[in-house]
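Chain by chain, the residues:
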Amino acid sequence: MQSLLLKLVTKAAILLLTCWIFWPSWGIPETGKKIRVVTTTPDLKALVEAVGGDRVDVESVATGDKDPHDLEIRPSHLVKLKGAELFVRIGLDHEPWAGRLLQRAGNARLFPGGEGHLDASRDVPLLETEVPRAGRTPGHIHGFGNTHYWLDPANARPITANILKALSRLSPGDADRFGQNRATFLDRVDRALERWLRETAPYHGTRVVSYHNSWPYFAKRFGLEVVGFVEANPGVPPSPAHIGSLIERMSHHQVKIIVMEPYFSDSVPRLLAEKTGAAVVKLSPSVGGAEGIADYIALFDYDISRLVSAFREAGIPKRQESGR
Amino acid sequence: MNQALELLTVPFFACLLLTGIHAYLGLHVIERGVIFVDLALAQIAALGVTFAFLAGYGLQSTAAYFTSLAFTFLGAAIFSLSRMKGGRIPQEAIIGIVYAVSAGAAVLAVDRAPHGAEHIKYILVGSILTVSAQETFTLLLLYGGIGLFHWVFRHRFLLISLDPQEADRQGLWIRFWDFLFYISFGFVVTSSVQIAGVLLVFSYLIVPAVCGSFFSVRVGPRLAIGWVLGFAASVVGLSGSYVWDLPTGATVVCTFGLILILSAIARILPRHLSRIRAGEGHRYLWGTVMGGSVLLLLAALYLMIHPRGSHLWLDLADRAVPEINLAFLSRVERETYLHSIDSIRRAEAELKRLQDMHLKVTWGEMEISAEMKGRLLQTLAGRTEIAWGDRMVLGTLRERARVRQRFILGVPAAVIGAGLLWMSFRRFRYLRSKGGKPSSLFI
């Protein structure tokens, strides 16, 4: 009796095992194979998806709600990279962990210079390239220009152009479809950008202080002037003298807005706000940085609406649109 | 600049409060030999907050507060139960394990939560500079209450900490009082860590208590010394942070380190001075010679083996007497060397001026055209790079000098070092054969 049971169990186990081994190949037609892409940030993921549509399967290593600088590498990241055909990164030292990650995954075509490696910064007009490259720099300052270029919607054009090229090379049959996807997407971005510019136009030239130097592209596009940073040296807690001079200048120049990422500690910004009467506005630098930011356009919808309502609440005078 | 001073007023009062309670609790902690119990309790409390956060309550909510309190009680229970009479496992081991496991559990718990890692960081990092007046007032109430509680039951708490055998003999219920001790301790540490961060709280807890026990075995004087030194560290640390423009918390922590060293010296100096006066000075002399000769020998060997490495002693010598390096350079090299030093100094002054100008331009306190602004940025970057280039030139020339110094300086230095070492060895053997008593620096 017992041995019969044992046999049955064994047979069932073998059957299950067989199913499990062959399961992935069931029901998936060869032609429908998706291009597997790994991006470093969710913003790049959103852009790759915008071009690739349903022909790509994209995963992002970093999530939008954490500081991308201190990412902890997990086994699942390595598994994703081993099977990937394309790796897309921000570049310019934005992801100090990317090199180590690629090395560990050991997927040779994703290595820098390989056919599956795309540095999205390639054709983007960069800001703050005047930062000296040589020598010691305090804290983490990026040596090749500011890396937060995806925060200008106009940069979606050069970024997606390179994504289009890379995807078309991997799947030449889909090139037309990718091109169409990109054109539709850019059209949407352009129309939305018009709307965003209309909303921010009355506040053109408003001065703000930001926590970290991550908003120059955003500021340039939407007419903000970032006049100071809460962090004197990125990553190092500010000294009383730095905060003191910031308070003096903010009060003197009537700076009413402090912009920061949700994942930094807001204790110093709150102190500044209390002393100067400014408001702290938490803007998401990335897709997925707050609830409801599901794609690239939603990111700006979120940030612009938060910013504009903060401006309104802070009573910042509107200017004539012909101002600039 | 007045702004900065004003910013430091509230943190100063917060530091005084920290001194008051932690110097006292530190005494207990040192006597019990549970040095890292504050870290463990803070971490357990953080784990509690994390769980409440995952259950959907805000970080500052009442629910989070009570969850963290419940976790602290749990920690207190663990620590009071883990005290063993002559047990083979030291309590410090249990504390370490509790710390590591609760830290790991907190990481796992918030792994999937949005902004998870930052939340844990907030709970444990704190920032003394941004403490508000209300928070300080809350601290005053809390610490006052717990201080009162400890004052009322001071005989029991002190007896258990200082002499557990005696307490046991008197029939005190040690586990119960331990539990109360750890709960009150947990209350204090959890709130102070949120405000001042783990490092600062640890310093306030341990350093004044250790300094106190340098000078006295009695509780009263130890406490008084702890309070005075804690006060001194707060004043010096905060003013240092203001004067030298440094991050506040870290400055206070380092001040504590300095105070510990100074009081250690103050503790041992009179005894050693009296021994020197008693005619034992040569022991100290030869001890210093021995230590110095070992260092000299190692430095000389390192110079000979790896002349291009970094040689701190030679760098310091260069700065004091540039002629040492100049003697090893050719005439042209000498000119370049001096020129680079001069040019770095000028570039630094220029950079300071340009940075001030840049700041004024960004804030609109100084009007210049967009073209000038671009040029200003380029000049800033350019000057920085040129200064860096000069530093590189200097480094290369210094390296060249080192390579030439390799044996000319290295061999004599090694010979002198070895000779002195040999002499001091012989001297000590002679002293020992004469039957001097072996001495320790600290006792």
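Quick caveat, the model's predicted, so the values are computed rather than measured. (Residues numbered from 1 in each chain as written. Chains lettered and ligands numbered in written order. Predicted model: local features only at pLDDT ≥ 70, side-chain atom pairs only at ≥ 80, totals over all residues.)

Here we look at the overall build of chain A
Across its full length, chain A carries 10 helices and 8 strands. Looking at chain A as a whole, 43% of its 324 residues qualify as buried. The contacts in chain A between residues at least 6 apart in sequence include a share of 63% that link residues at least 24 apart. (Helix = DSSP H or I, 4+ residues; strand = E, 2+ residues; numbered from the N terminus. Buried ≥ 20, exposed ≤ 12 C-beta atoms within 10 Å, placed from the backbone. Contact = placed C-beta atoms within 7 Å.)

Points about the overall build of chain B
When its secondary structure is counted, chain B shows 18 helices and 0 strands. Taken along its principal axes, the extent of the C-alpha atoms in chain B is 85 × 85 × 40 Å. The 443 residues of chain B split such that 32% are buried. Summarising the internal contacts of chain B: among those between residues at least 6 apart in sequence, 75% fall at separations of at least 24.

Quick word on the domain arrangement of chain A
Residues and elements named next belong to chain A. Taken as a whole, chain A is organised into domain 1 (33-129 + 142-194) and domain 2 (200-317). The partner domain 2 presents 20 residues to the 25 residues of domain 1 that form the contact. Where the side of domain 1 that touches domain 2 is concerned, the elements lending two or more residues are helix 2 (42-52) and helix 6 (175-200). Among the elements that make up the side of domain 1 that touches domain 2, the one with the highest residue count is helix 2 (5 residues). The class makeup of the residues in the side of domain 1 that touches domain 2 is 12 nonpolar, 6 polar and 7 charged. (Domains from an automatic or database assignment. Nonpolar A, V, L, I, M, F, W, Y, C, P; charged D, E, K, R; others polar.)

With respect to the environment of L394(B)
Take L394(B): it is sitting in helix 17 (residues 370-408). Beyond its immediate stretch of four places on either side in the chain, L394(B) contacts Y337(B), S340(B) and I341(B).

Digging into the pairing of strand 1 (residues 35-39) of chain A
All names here are of chain A. Note: strand 1 against strand 2 (residues 56-60), 5 bridges, orientation parallel. Across the sheet, V37 pairs through a bridge with V58, a residue of strand 2. Crossover connection from strand 1 via helix 2 to parallel strand 2: handedness right-handed. Bridge analysis of strand 1 against strand 3 (residues 86-89) gives 3 bridges, and the strand direction is parallel. When the bridges of strand 3 are listed, V38 appears paired with F87. (Pairing = 2+ DSSP bridges. Right-handed = clockwise from strand over helix to strand, strands pointing away.)

Some remarks on the sheet that holds strand 2 of chain A
All names here are of chain A. Taken in spatial order, the 4 strands line up as 2-1-3-4 in an open sheet, and their pairing is parallel. Looking at the sheet topology across the chains shown, the edges are occupied by strand 2 and strand 4 (117-119). Between one strand and the next, the sheet's axes are offset by a mean angle of 20°, whatever the strand orientation. In this structure, strand 3 lies alongside strand 4, joined through 3 bridges in parallel fashion. Across the sheet, residue R89 finds its bridge partner in strand 4, namely D119. (Axes fitted to C-alpha atoms, helices over the stretch in contact; angles between N-to-C directions.)

Describing the confidence of the model for chain B
Here chain B shows a mean pLDDT of 86. Residues at 70 or above account for 93%. The complex model carries a pTM of 0.77, and its ipTM stands at 0.70. (pLDDT = per-residue confidence, 0-100.)

Structural notes on unusual backbone geometry
Residue and element names in this part refer to chain A. Phi at L92 takes a positive value of approximately 55°, unusual for a residue other than glycine. Among the structural elements, L92 can be located in the loop between strand 3 and helix 4 (98-105). The buried category is assigned to L92, around which 20 C-beta atoms lie within 10 Å.

Examining the packing of helix 3 (residues 37-54) of chain B against helix 4 (residues 62-81) of chain B
All names here are of chain B. Following both chains from N to C, one finds helix 3 and helix 4 inclined at 140°, their axes separated by 7 Å at the closest point. Between helix 3 and helix 4, the crossing angle belongs to the class labelled oblique. Regarding helix 3 and helix 4, the two cross each other, and that crossing is right-handed. Across the interface between the two elements, V37, A40, L41, I44, A45, L47, G48, V49, F51, A52 and F53 of helix 3 pack against A63, A64, T67, S68, A70, F71, T72, L74, G75 and F79 of helix 4. Split by residue class, the contact of helix 3 with helix 4 holds 16 nonpolar, 5 polar and no charged. (Parallel < 35°, antiparallel > 145°, perpendicular 65-115°, else oblique. Left-handed = near helix turned anticlockwise from the far one by under 90°.)

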